[in-house]
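Coordinates in review
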Amino acid sequence: MGRIISFANQKGGVGKTTSAVNTAASLGALGYDTLLIDLDPQGSATSGVGIRKKGLRYTVRDILVGGCRAEDAVVPTAYKKLSLIPANISLAGAEFDLLRGEGDEAHLKNALEDIRWRFDYIIIDCPPSLGMLTINALTASDGLVIPMQCEYYALEGLSQLSTTVGHIKKRYNPRLNLTGILLTMHNPRLALSIQVKAELLKHYGNRVFETSIGRNVRLSEAPSFGRPILYHDKRAKGALDYMQFAKELHDRP
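Attention here is on the structure that accompanies the text. (Residues numbered from 1 in each chain as written. Predicted model: local features only at pLDDT ≥ 70, side-chain atom pairs only at ≥ 80, totals over all residues. Heavy atoms only, no water.)

Here we come to the overall build of the protein. Counting its secondary structure elements, the protein contains 12 helices and seven strands. In terms of overall size, the protein behaves like a compact globule, its C-alpha atoms giving a radius of gyration of 17 Å where 253 residues would be expected to give roughly 18 Å. Along the first, second and third principal axes, the C-alpha set of the protein runs to 50 × 40 × 30 Å. With 253 residues in all, the protein has 55% of them scored as buried. (Helix = DSSP H or I, 4+ residues; strand = E, 2+ residues; numbered from the N terminus. Rg over C-alpha atoms; globule rule 2.2 N^0.38 Å. Buried < 20%, exposed > 50% of the residue type's maximum accessible area, 1.4 Å probe, protein only.)

Have a look at this one:
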């Protein structure tokens, strides 16, 4: 049965989608059947693996509102052992569609029960908010990865997200665990990066992944080609970083 891991952070621009896409692609390259779910109305994860957002028969919105089964929305990608449930701008209205009554937080969880046996990993790219879409993702998940830039504003947001996770774990999903915090756009030579990492280690200890993702031009340009970095330039530092992270994620409970 597939391990479901959400990548979430209510702060935008922290490398969340980049991390979800490249971790999913790296897990696939390592030989694990992987499903990437785009739960962000911007649809960046969808275009990031080369799938056009126009003309899709089904998207994740259809799953959430009962328009199709999860298996109907799964599409293959050009990349090894990597499938996708896509999203487009139609997902923007799903926050309101989900507010229909008791059990709204479990739509995605229930939908995935029929297909999670097909995959080793299901990676969910959450929107940069703590609304019903993210709550659905966390209710469905076994674990949470928080991608985070090395800056103090990000530390402040981490506290709010931790509170939300605690609430969801208590009320909806007792199996949800903080798998770890992934440092992105990390420069070990900058004093700020060193200070923020030290604060994180002080408060979260081994929940901070040993692997961090550095700034990398090739990594930044890969989405414009619709490719994960591993398939854009496998020798780029970003490709090596995400492959190492995927291995560490696999080894972490």
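Continuing now.
With that settled, the discussion passes to the packing of helix H8 (residues 152-171) against helix H9 (residues 191-204). Here H8 crosses H9 at 25 degrees, and the two axes come no closer than 10 Å. Our classification of the angle between H8 and H9 gives roughly parallel. The two elements H8 and H9 meet at a crossing, and its hand is right-handed. Contact residues: Tyr152, Leu155, Leu158 and Ser162 in H8; Leu192, Gln195, Val196, Glu199, Leu200 and Tyr204 in H9. By residue class, the composition of the contact of H8 with H9 is seven nonpolar, two polar and one charged. (Axes fitted to C-alpha atoms, helices over the stretch in contact; angles between N-to-C directions. Parallel < 35°, antiparallel > 145°, perpendicular 65-115°, else oblique. Left-handed = near helix turned anticlockwise from the far one by under 90°. Contact = heavy atoms within 4.5 Å. Nonpolar A, V, L, I, M, F, W, Y, C, P; charged D, E, K, R; others polar.)

A few words on H8. Compared with an ideal rise of 1.5 Å per residue, which puts 20 residues at 28 Å, H8 spans 30 Å between its outermost C-alpha atoms and is within 8% of the ideal. Of the residues making up H8, those classed as buried are Ala154, Leu155, Gly157, Leu158, Leu161, Thr164, Val165 and Ile168. Looking at the packing, one finds that the buried side of H8 touches helix H7 (132-140), strand S6 (143-149), strand S7 (177-184) and H9. (Expected span 1.5 Å × (residues − 1).)

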